[in-house]
Each structure stands twice: as structure tokens, then as C-alpha cells.
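Residue-level structural notes
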Amino acid sequence: YGYNNVEESTQIKFTANFADREKATSTENSTADLLTGFGFSEMMGLSLSKDTYYTDSNHLVKVLNPLSADLNVMRHSMVFGGLETLAYNINRKQSDLKLFEFGRTYQKNESSDSAYKYSETKHLTFFVTGRKYPENPFGENNRVNFSFIKSCVETILNRLSIKFKITELNDEHFSYGLSYSHKNKHLVSFGLVEKNLCKKMDIAQETFYADFNWDNVLTLIGKTKLEFSEIPRFPAVRRDLALLLDKKITYKEVEELAFSSERKLLKKINLFDIYEGDKLESGKKSYAVSFILQDDEATLNDKQIDSVMQKLIKTYSEKLGATLR
């Protein structure tokens, strides 16, 4: 026909980008920069996995013509691909690892309420194992722990101005951990990866894992009301308690009891260590909890501080049967 015979257009047409899409991309990039600053490296795993990883196959999205038995389903969880990457690196003498990944999981919807047969969810996950810092002459060779991954998770949510509610995690992939949510929207689960799962994936060292539901996180960007207050003129005081509790008691109960017991001076409570081991009697666990006390009108004295702490100890003893370690 000939290019010269094609009429020239007098218009240029294009599709404008939506602001929400730009916001999602910029949020993802700023979060990646934040994790990189913490010493993380980004990884990219396959969206394909193998069905033997999963105990429930009803929701798996199966590949009709798989290349192999190891790549016969779309991944239903991000944890297995991440652990495969850790094992690959550890087996090659790279045992101090901080890795993160943005990716999607896939599932088949069997509910009659769903308009779609399949669905996908975007996640941000990260894994930490080994030492926090490279070898150095300053004695900074301590290993990563629950507090480290907890601080990474909370820094991301605080950076995005998202308020969250804390509950104890009950998940087969974790030995212990916490779950954060906002108005019934699940945000993130994190904790120590279950020992038998690590063994199954050929990993012999403690591994911590965090899994954000990134789709839910993005829906809250810019929707949380920011509140500002004057910087306190009087210093805060921290006190710690090591509470020996029954395993059935959740951190949520510990937190709610604290604020119901002391509404004026107690500003913040934080769980910074969980211990369940042979040194404790059967059915028990230990929570190391910090309490931040502050008076906006005056400097706290020892009598006030001791009074608050004794009140908390009495409340935990009477309501939860707790004892101090």
C-alpha cells in the first residue's frame, strides 16, 4: 500500500496516569529506600512455586502445563520463595542476610460472594537472619532478633503515618510473632519463622520474617489524620518488667490492662522480648515489657513512679496471674 499513502494525523492521543498509581509507585520506592538504609538488599523471586509446600490445595492456582513439578502452581505465600533464597545464599557462605521483596500472591476464590474466580494480592516481605552488622573490632556482632524486625516494621508504618492495633500472631509459619491491623484491615504479620519450616528448607539458623499486605497499606496512605502536640518540657521515665504468664494470654491483654490501670502518666507500652524455653515451666512464657511514664505538668519523682509500677504489678497478678521473673 505504501507508507506515503497513509494520511498524517493532526492529533496526538495518550492515556494520562492516575494519581493513585503514581502515589503507589512513590510509596513503594520510598519504602525500598528506607529498607536499603537499614542494610537490606532487594530480591525478586518467581511467582511459580510447588504444591507440596502447601497443606491446603483448595485455593491454589495450578499451572495447566508446568515446566516441572517444582513450578506447578502460582505462589500462595511469599514465605517459601524467600526461604529458598536464604538457603541458597547460606549454602554459599553468605549467612548474614537482610532481604526484602515486593511481589504478589495468587489464590482461587471458592466463595460464592466473590465476583472473580481468581484474585491476587500485593505484598512487601522481608527476611533477616545472622548478624546485624558485618564483622568489626567494636564488638557489634550481635545477631538479629525480634526487636530488630519489629523496629523495621514499625518504622515503615510510622513513616507512612499509619496507626495500628497490635495482636498476638497465631500462624503455622511462625513460632511466635505479632500482627498489626488498622480498623479490621490486616497490615502485617511478623516474627520468628517456625523451626521445623526452616529445617524443611535446609536453614539451621534463626530467621525472622515480616509479611505486609501492601494493598491494604496503600489504601490507608494519606487517610490517617495527623495530630501534633507541643514537645513535652518534662523528661520521660522508662521502667521494664519481665512477666511470667500462661501461654494463652496475649500481648493485647497486657497492653489493655496497663492503660486501663494508669491513664494519666502511662504514655507508651512496648513488648521487646518474648521467651519460651526449657528454663520455664510447662505452659508458661516470658514477656519483657517496657513502660514509658511522663507527666506533662511536672517532673516525676521516685514515689510516683514506684506507685504506678506497683499498681501495674498488682493488676497483672490479679487479672492475669502473672509473676515477675
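Located above this text is the structure these notes cover.
How each quantity is defined
Residues numbered from 1 in each chain as written. Predicted model: local features only at pLDDT ≥ 70, side-chain atom pairs only at ≥ 80, totals over all residues. Heavy atoms only, no water. Axes fitted to C-alpha atoms, helices over the stretch in contact; angles between N-to-C directions. Helix = DSSP H or I, 4+ residues; strand = E, 2+ residues; numbered from the N terminus. Parallel < 35°, antiparallel > 145°, perpendicular 65-115°, else oblique. Left-handed = near helix turned anticlockwise from the far one by under 90°. Contact = heavy atoms within 4.5 Å. Nonpolar A, V, L, I, M, F, W, Y, C, P; charged D, E, K, R; others polar. Pairing = 2+ DSSP bridges. Phe/Tyr/Trp six-rings, centres within 6.5 Å; stacked < 30°, edge-to-face > 60°. Buried < 20%, exposed > 50% of the residue type's maximum accessible area, 1.4 Å probe, protein only. Lys NZ or Arg CZ within 6 Å of the ring centre and 35° of its normal.

This next bit is on the packing of helix H6 (residues 251–261) against helix H7 (residues 302–320). For any two helices packed against each other, the geometry is given by the interaxial angle and the distance between the axes. Closest axis-to-axis distance for the H6/H7 pair is 10 Å, and the angle between their directions is 130°. Comparing their axes, H7 and H6 come out oblique. The two elements H6 and H7 meet at a crossing, and its hand is right-handed. The segment H6 lies against H7, with Glu253, Val254, Leu257, Ala258 and Ser261 engaging Lys311, Leu312, Thr315, Tyr316, Lys319 and Leu320. A breakdown of the residues in the contact of H6 with H7 according to their chemical character gives six nonpolar, two polar and three charged.

Before going further, it helps to spend a moment on the sheet that holds strand E11 (residues 266–275). Across the sheet, which stays open at both edges, the four strands sit in the order E11-E12-E10-E13 with antiparallel pairing between neighbours. Looking at the sheet topology across the chains shown, the edges are occupied by E11 and strand E13 (323–324). Helix-sheet contacts for H7 involve strand E10 (237–246), E11, strand E12 (284–293) and E13, and the interaxial angle to E10 is about 15°.

This part takes up the sheet that holds strand E1 (residues 41–42). Read from one edge of the open sheet, seven strands run E1-E4-E5-E9-E8-E7-E6, paired in mixed fashion. Edge positions in the open sheet fall to E1 and strand E6 (165–168), since each of these has one partner strand only. Examined bridge by bridge, strand E7 (residues 174–182) and strand E8 (residues 185–193) share eight bridges and lie antiparallel to one another. Residue pairing for E8: Ser181 is matched across the bridge by His186.

This brings us to the packing of aromatic side chains. What characterises a pair of aromatic rings is the spacing of the ring centres plus the angle enclosed by the ring planes. Tallied over the entire structure, the rule returns 15 aromatic pairs. Between Tyr54 and Phe80 the ring centres are 5.2 Å apart and the planes differ by 80°, which places this aromatic pair in the edge-to-face class. Note that Tyr54 is positioned in the loop between strand E2 (48–49) and strand E3 (73–74) and Phe80 in helix H2 (residues 79–90), a separation of 26 residues in sequence. The class of Tyr54 is buried, set by a relative accessible area of 11%. Between Phe164 and Tyr180, the ring centres sit 4.4 Å apart and the planes meet at 5°, which makes this aromatic pair stacked. One end of the pair, Phe164, is in the loop between helix H3 (146–159) and E6; the other, Tyr180, is in strand E7, with 16 residues separating them in the sequence. With relative accessibility at 24%, the residue Phe164 sits in the partly exposed group. Through a chain of ring-to-ring contacts, three or more aromatic side chains come together here, namely Phe40, Phe100, Phe102, Phe126, Phe212 and Trp214. Taking the ring centre of Phe272 as reference, the NZ or CZ of Arg238 above it sits at 5.1 Å.

As far as function goes, none of this settles anything; it's purely spatial.
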